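Remarks on the overall topology
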Amino acid sequence: GATVDLIGMAVAMTLRQQLEAINEHIREGIPDTIEEVYSAKTNKTGCCMPGFWSCLCHCTALGQVKFANLTNAKMLRVDDVLNASTTDSNTYGQLGLRVFLNISAERLAGKGMASAQLDACSKHISHLFGDAGLKLTARGTARLDGTLLPKDGKMCFTSERVVLSVPAAGVQFIESKVDLGGWQMLDLAGSFWDNAIH
């Protein structure tokens with residue numbers, strides 16, 4: 001039969017009892033604003049002058065969005081410990097450990113710049129520049145891979161790798177817009193923002 005991972009079960013139970021302290025450490029360890037530039041491009045085409053039978057003028061936008069920072073990063077929290085399991089370790093005195101968590105982040109916000117090159121009715125229009133912004137709530141899972149080893153009479157877990165998974169269904173957008181002179185075709189949503197979050 002299957003072997004029961006008693007160590008993994010004990011670690012998961014201990015972590016569940018310490019969730020409040022864990023989230024406090026997260027708030028202390030993560031800066032409220034993360035300075036990291038994210039850049040993405042998009043291409044959209046549509047009718048900007050509809051006629052009675054057909055479109056009289058097509059518009060194409062080549063857009064680029066850059067985010068300079070992400071605010072409210074301290075809102076990241078561990079909601080639950082799903083489980084923990086031990087893995088093989090070749091180092092004496094150390095035990096490989098893998099921890100699975102449910103995580104969430106409320107009211108994350110990002111601000112940046114947007115630019116676009118427009119072509120209307122087969123004619124080139126000058127570049128436009130404006131602001132980009134988003135607000136969202138995200139939920140997903142995290143997998144922590146590391147080692148469990150004794151230190152000062154206690155068992156300490158050192159995380160060596162973190163794998164985050166935030167599915168598209170786990171991202172709820174409160175606001176997402178690109179303001180380029182009111183040209184509504186440049187509003188972005190859906191897969192663009194999903195890619196930005198990852």
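Described in the following lines is the structure provided in the data block. (Residues numbered from 1 in each chain as written. Predicted model: local features only at pLDDT ≥ 70, side-chain atom pairs only at ≥ 80, totals over all residues. Heavy atoms only, no water.)

1. Comments concerning the overall build of the protein chain
Here is the rule we go by: By the criteria applied, helices consist of DSSP H or I runs no shorter than four residues and strands consist of E runs no shorter than two, each listed in order from the N terminus. Categorising residues by exposure relies on relative accessible area from a 1.4 Å probe, with only protein chains included: less than 20% of the type maximum marks a residue as buried, more than 50% marks it as exposed, and the intermediate range marks it as partly exposed. Whether two residues are in contact is decided by their heavy atoms, any of which lying within 4.5 Å being enough. Note on areas: Shrake-Rupley, 1.4 Å probe, and residue coverage restricted to the protein chains presented here.
From N to C terminus, the protein chain includes 3 helices and 7 strands. Moving toward the C terminus, one meets the helices and strands of the protein chain in the order α-α-β-β-β-β-β-β-β-α. Within the protein chain, the proportion of its 198 residues that are buried is 30%. For the protein chain, the proportion of contacts with a sequence separation of at least 24, taken over those separated by at least 6, is 66%. By element, 55% of the accessible surface of the protein chain is carried by carbon and sulfur atoms, the whole surface being about 12500 Å².

2. With respect to the nonpolar core
Going by this rule: In these notes, a set of buried Ala, Val, Leu, Ile, Met, Phe, Trp, Tyr and Cys residues joined through side-chain atoms within 4.5 Å is what counts as a nonpolar core.
Formed by 14 residues in total, the largest nonpolar core has its most connected members in Val78, Val81, Ala84, Leu97, Val99 and Leu101. Listing elements by their share of this core, those giving two or more residues are α1 (6-17), α2 (19-29), β3 (76-87), β4 (95-120) and β5 (123-151). A total of 4 residues in this core trace back to one element, the largest contributor, which is β4. With residues up to four places along the chain from it excluded, the contact list for valine 81 reads Ala12, Leu15, Arg16, Leu19, Val99, Phe100 and Leu101.

3. Points about the pattern of salt bridges
Side chains bearing opposite charge may pair, as long as their charged atoms lie close to each other. Selection criterion: Should a side-chain nitrogen of Lys or Arg be within 4 Å of a carboxyl oxygen of Asp or Glu, the pair is scored as a salt bridge.
A full pass over the atoms with the stated rule returns 6 salt bridges. Put simply, aspartate 79 and arginine 77 hold a salt bridge, and the shortest N to O gap is 3.0 Å. The exposure class assigned to arginine 77 is partly exposed, which follows from its relative accessible area of 34%. Across the pair arginine 161 and aspartate 145 runs a salt bridge whose closest N-O atoms are separated by 3.8 Å. With arginine 161 in strand β6 (residues 154-165) and aspartate 145 in strand β5, this residue pair connects regions lying 16 residues apart in the sequence.

4. Some words on the state of the cysteines
For the record, the criterion: Any pair of cysteine sulfurs within 2.5 Å is marked as a disulfide.
Counted according to the given criterion, the structure contains 1 disulfide. Covalently, cysteine 47 is tied to cysteine 55 through a disulfide, its sulfur atoms 2.1 Å apart. Here the S-S torsion is close to 100°, and the disulfide linking cysteine 47 with cysteine 55 is therefore right-handed. Given the relative accessible area of 37%, cysteine 47 is considered partly exposed.

5. Regarding a nonpolar patch on the surface
So the rule is basically this: Patches here are clusters of residues that have more than 30% relative accessible area and form no salt bridge, with a 9 Å joining cutoff for like charges and a 5 Å cutoff for nonpolar side chains (Val, Leu, Ile, Met, Phe, Trp, Tyr).
On the surface, a nonpolar cluster with roughly 330 Å² of combined accessible area is contributed by Val4, Leu6 and Met9. Its place among the elements puts valine 4 in the segment before α1. Residue class for valine 4 comes out exposed when judged on its relative accessible area of 55%.

6. With respect to the pairing of β4
We count it as follows: In this description, strands pair whenever DSSP reports at least two bridges between them.
Note: strand β2 (residues 55-71) against β4, 12 bridges, orientation antiparallel. Bridge pairing in β4 places cysteine 59 opposite alanine 120.

7. Some words on the packing of aromatic side chains
Put simply, the rule reads: Only Phe, Tyr and Trp rings are paired, with Trp represented by its six-membered ring, and only when their centres lie within 6.5 Å; those with planes under 30 degrees apart are stacked, over 60 edge-to-face, the remainder tilted.
Within the structure shown, the criterion is met by 1 aromatic pair. Between the aromatic rings of phenylalanine 52 and tryptophan 53, the centroid separation amounts to 4.9 Å while the plane-to-plane angle is 90°, which identifies the pairing as edge-to-face. Note on accessibility: phenylalanine 52 and tryptophan 53 belong to one class, exposed.

8. Some words on the side chain of asparagine 23
With respect to the secondary-structure elements, asparagine 23 resides in helix α2. With sequence-adjacent residues up to four places away left out, asparagine 23 is seen in contact with Arg77 and Val78.

9. With respect to α1
Note on helix geometry: an α-helix contains 3.6 residues per turn, so any two residues three or four positions apart are oriented the same way. Put simply, the rule reads: In this analysis, the expected span of each helix is defined as 1.5 Å times one less than the number of residues it contains. In this context, the arc is that of the directions from the helix axis out to the C-beta atoms.
Between its first and last C-alpha, α1 extends 17 Å over 12 residues, near the 16 Å set by a 1.5 Å rise per residue. Burial in α1 covers these residues: Gly8, Val11 and Ala12. All buried residues of α1 lie within an arc of 100° about the axis, which places them on one face of the element. For α1, the exposed residues set more than 90 degrees away from the buried face come down to Leu6, Met9 and Gln17.

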